[in-house]
Amino acid sequence: MRLSFRTKLLGSIALDLALMIALGIFALNGFSSVFQKASMIEQITIPSLDLSDRINFISTKYHALQLEYIINNSVADKARIEGEMQTLEQDMRTAFTAYQQLDTSMVEGETLNAVSMAWQRFVQATNEQFLPTARLGNTGSVQPVLNRLNPYYEDVLSATDILGQLSQNQANNALASVGQTFESSRLVIYGQIAFTVLLSGAIGLLLATRTARRIRKLTDATVAVAGGDLERMVQVGGGDELQTLANNFNSMVRSLREHRDMLELRNAELAESLYVQQQLTEDIIRRKQAEETALRAQAAAEAASQAKSMFVATMSHELRTPLNAILGYTQLLHLGAKARGQEDVLPQLERIRLAGKHLLTLVSNVLDFSKIEHGKMNLDLGEVQLASLVDEVMGIVQPLAEARFDQLKTDFASNSVVYSDAGKIRQILFNLLSNAIKFTEAGTVTLRVWDEQRANEPWLVFAVSDTGIGMAPDQLRRLFKPFVQADESTTRTYGGTGLGLALSQQLAAMLGGAINVESCPNVGSTFTLQIPVQCPTQAESTLVMAASSLVSSSVVA
């Protein structure tokens, strides 16, 4: 009977599997016995050794505390030692309870009871004889009482030593049993492994010898075909899979000859396609060059914008010096004219002073805005006296309110200790209050201050409300843009550059907060400054300002 190569391989594999299954079953049984004994060591023997050591340690510590109790005269030390002794008594009860929960032998259980009884006698003698005598004072009468405790202590140590020896013997016996079981299982497993290897080797050698000759024929034919001989064929008999493989090999060679002819035809087509790809590559290179030119132009434009901003900052800084001089001389002229009684020139000098101060404010706003734009505005953080700061700002804007016949009100309800930049807060409040006064005539301007909790963090809220002209929704959308006012008519009527609110919004972002606004035409407006009580660091403020510039249009309520 002729068997196929597949049947022969399956038979040898089945035999190997049967031997390995038998080996695995025996190994499992042996290792199960080893595991059970090892589990006993882990769950009973080792804990019992640890507990016997724990009992011995508590007994020794307890006796040491008795000696320390005699040495110390302080009432506080005696009370502390008594507390530690009570803790050790509780630890000993816990150790006895844990030991009793172990599955111990009868002999070990009796020894544990002997240890427990000896310990109870030792503790009872301590509490009834030793402590009452030693608590009164460290006199010579205490030493005999301590000596009478020694027999009880020695009984505890003796019983504990017996208990530890029993646990150690149990551990030694368990380890010896585990080692013997493991050694027996290992010898049998080695024998089965050797038998399996010998049998598998014999079967493999037989199959290899009979099939090597036919495989060699296939190998020679494969080498010849790899060398370019597509006319080579191979003849292998046997009626099994190797003969099928030889027939498939011959079919493959015939297919390779057909594909060779097709490849020669495709080579010509690929040459033409390569030429088209070269043309496309040249087009892509020209497009990349155009993109690089555009990027260089963009970089030049950004550099020009940077130079413009630096020029504005420099000019704003240079303009403030002569303006301050003009204001100083104007003040001197005003005082001189008033002293000489030249009342007719006082109005003209006052107009010069007001115009110069207004121009100085505009220049300062431009300078501050340029500093913020270039990231050169720094924070001066410290603890802010909030109440005095609010009073100071209200005092500054009081003359402006009186000139507009406005009534100023303050509602201060904050108890927070603020860590922030007082100058920035003062500048924002001044801008908001002066804006409210400018657009309110014979009305009321109110500053309210209170605390809020947001995400478990303390925040401070300033609300500036007025009863002025108010704004429509389309005006609110343009409100915080630099150099842009809500309406051109307000610029003609009330003056201003539209830079104050934009600067205030940027300063609020540096402090980690924002400014929101609610307004209704002919009713009034409410600007709300919200900042954290704990101001972020300079680096965090820079990130907040960057985010604020991206969403500045969304802060309008």
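(A) Expanded view of the overall build of the chain. Counting its regular elements, the chain contains twelve helices and seven strands. When burial is assessed residue by residue, the chain has 35% of its 557 residues classed as buried. The contacts in the chain between residues at least 6 apart in sequence include a share of 73% that link residues at least 24 apart. When the accessible surface of the chain is totalled, it reaches about 32800 Å², and 59% of it is carbon and sulfur.

(B) Representation of the packing of aromatic side chains in the model. According to the stated counting rule, one finds five aromatic pairs in the structure shown. Residues Tyr 62 and Phe 122 carry aromatic rings whose centres are separated by 5.6 Å and whose planes lie at 70° to one another, so their mutual orientation is edge-to-face. With Tyr 62 in helix α1 (residues 5-71) and Phe 122 in helix α3 (residues 106-136), the pair connects residues that are 60 residues apart, well separated along the chain. Take Phe 122: its relative accessible area is 0%, and that puts it in the buried class. Between Phe 122 and Tyr 153, the ring centres sit 5.7 Å apart and the planes meet at 40°, which makes this aromatic pair tilted. On the criterion of sequence distance, the pair formed by Phe 122 in helix α3 and Tyr 153 in helix α4 (residues 142-226) is long-range, its members being 31 residues apart. Tyr 153 sits in the buried class, given a relative accessible area of 12%.

(C) Here's a closer look at the nonpolar core. Residues Leu 447, Phe 462, Phe 527 and Leu 529 are the most contacted members of the largest nonpolar core, which totals 42 residues. Elements with a minimum of two residues in this core: α7 (386-403), α8 (422-438), β4 (444-454), β5 (457-466), α11 (500-510), β6 (514-520) and β7 (524-532). Not counting residues up to four positions away in its chain, the partners in contact with Leu 447 are Val 390, Met 394, Lys 409, Thr 410, Asp 411, Leu 429, Leu 433, Phe 462, Ala 463 and Val 464. Core analysis: the second largest hydrophobic core is formed by 31 residues, Ile 55, Ala 95, Tyr 99 and Leu 149 among them.

(D) Representation of unusual backbone geometry within the structure. With a phi close to 60°, Phe 405 is a non-glycine residue in the positive phi region. As for its placement among the helices and strands, Phe 405 is situated in the loop between α7 and β2 (407-413). The backbone of Ala 442 shows a phi angle near 55°, a positive value even though the residue is not glycine. Structurally, Ala 442 can be placed in the loop between α8 and β4.

(E) Highlighting the sheet that holds β4. If you walk across this open sheet you meet the five strands as β2-β4-β5-β7-β6, and the pairing is mixed. Each edge of the open sheet is held by one strand with a lone partner, namely β2 and β6. Sheet twist, expressed as the average angle between the axes of neighbouring strands with direction ignored, equals 15°. Pairing of β2 with β4 involves seven bridges; the strand directions are parallel. Residue Asp 411 lies in a different strand from β4, and its bridge partner there is Arg 448. Against the sheet, α7 makes contact with β2, β4 and β5, and its axis sits at roughly 170° relative to β2, the strand it touches most. With respect to the sheet, α8 is in contact with β2, β4, β5, β6 and β7, its orientation differing from that of β5 by roughly 25°.

(F) The pattern of salt bridges, seen in detail. A full pass over the atoms with the stated rule returns nine salt bridges. Between Arg 80 and Glu 68 there is a salt bridge, with the nearest N and O atoms lying 3.1 Å from each other. Separated by twelve residues along the polypeptide, Arg 80 in helix α2 (residues 75-100) and Glu 68 in helix α1 bring together distant segments of the chain. Given the relative accessible area of 27%, Glu 68 is considered partly exposed.

(G) Region of the structure containing α8. Over its 17 residues, α8 runs 24 Å from end to end, which matches the ideal 24 Å to within 8%, given 1.5 Å per residue. Among all positions of α8, only Lys 424, Ile 425, Ile 428, Leu 429, Asn 431, Leu 432, Leu 433, Ser 434, Asn 435, Ala 436 and Ile 437 are buried. Capping the start of α8 is the job of one residue whose side-chain oxygen sits 3.1 Å from the backbone nitrogen of Gly 423: Asp 421.

(H) Just the side chain of Ser 525, in detail. Relative to the helices and strands, Ser 525 is located in strand β7. A polar side-chain atom of Ser 525 sits 2.6 Å from a polar atom in the side chain of Ser 519. Contact partners of Ser 525, with chain neighbours within four places excluded, come to Val 464, Ser 465, Asp 466, Gly 470, Met 471, Glu 518 and Ser 519.

(I) The arrangement of the environment of Ala 442 in detail. We classify Ala 442 as exposed; its relative accessible area is 60%. Sequence separation of Ala 442 and Glu 402 is 40 residues, and the distance between their C-alpha atoms is 9.1 Å. Sequence-distant contacts of Ala 442, that is, excluding residues within four places in its chain, are made with Arg 404, Phe 405 and Asp 406.

(J) How the structure looks around the packing of α8 against α11. It is the contact of α8 with α11, at a shortest axis distance of 10 Å, that shows an interaxial angle of 150°. Taken together, the axes of α8 and α11 lie roughly antiparallel to each other. You can see that α8 and α11 cross each other, and the crossing is left-handed. For the pair α8 and α11, contact is made by Lys 424, Gln 427, Ile 428, Asn 431, Leu 432 and Asn 435 and by Gly 500, Leu 501, Leu 503, Ser 504, Leu 507 and Ala 508, respectively.

(K) Structural view of the confidence of the model for the chain. Per-chain confidence: the chain averages 78 in pLDDT, with 77% of residues scoring 70 or above. Within the chain, helix α12 (residues 538-550) has the poorest average pLDDT of any element, 49, and β5 the best, 94.

(L) Representation of the environment of Asn 127. Within the fold, Asn 127 resides in helix α3. On the basis of relative accessibility, which here comes to 33%, the residue Asn 127 falls in the partly exposed class. Remark: the alpha-carbon pair of Asn 127 and Glu 82, spanning 45 residues in sequence, is separated by 9.7 Å. When neighbours within four sequence positions are excluded, Asn 127 is seen to be in contact with Tyr 62, Glu 89 and Pro 132.

(M) Region of interest: a nonpolar patch on the surface. On the surface, Leu 9, Leu 10, Ile 13, Leu 17, Met 20, Ile 21 and Ile 25 cluster together into a nonpolar patch covering about 630 Å² of accessible area. Relative to the helices and strands, Leu 10 is located in helix α1.

About the thresholds
- Residues numbered from 1 in each chain as written.
- Predicted model: local features only at pLDDT ≥ 70, side-chain atom pairs only at ≥ 80, totals over all residues.
- Heavy atoms only, no water.
- Helix = DSSP H or I, 4+ residues; strand = E, 2+ residues; numbered from the N terminus.
- Buried < 20%, exposed > 50% of the residue type's maximum accessible area, 1.4 Å probe, protein only.
- Contact = heavy atoms within 4.5 Å.
- Areas by Shrake-Rupley, 256 points an atom, 1.4 Å probe, with all protein chains shown as cover.
- Phe/Tyr/Trp six-rings, centres within 6.5 Å; stacked < 30°, edge-to-face > 60°.
- Core = buried A, V, L, I, M, F, W, Y, C linked by side-chain atoms within 4.5 Å.
- Pairing = 2+ DSSP bridges.
- Axes fitted to C-alpha atoms, helices over the stretch in contact; angles between N-to-C directions.
- Salt bridge = Lys/Arg side-chain N within 4 Å of Asp/Glu carboxyl O.
- Expected span 1.5 Å × (residues − 1).
- Polar contact = N/O pair within 3.5 Å; in protein donor to acceptor, adjacent residues only side chain to side chain.
- Parallel < 35°, antiparallel > 145°, perpendicular 65-115°, else oblique.
- Left-handed = near helix turned anticlockwise from the far one by under 90°.
- pLDDT = per-residue confidence, 0-100.
- Patch = residues over 30% accessible without salt bridge, like charges linked within 9 Å, V, L, I, M, F, W, Y side chains within 5 Å.

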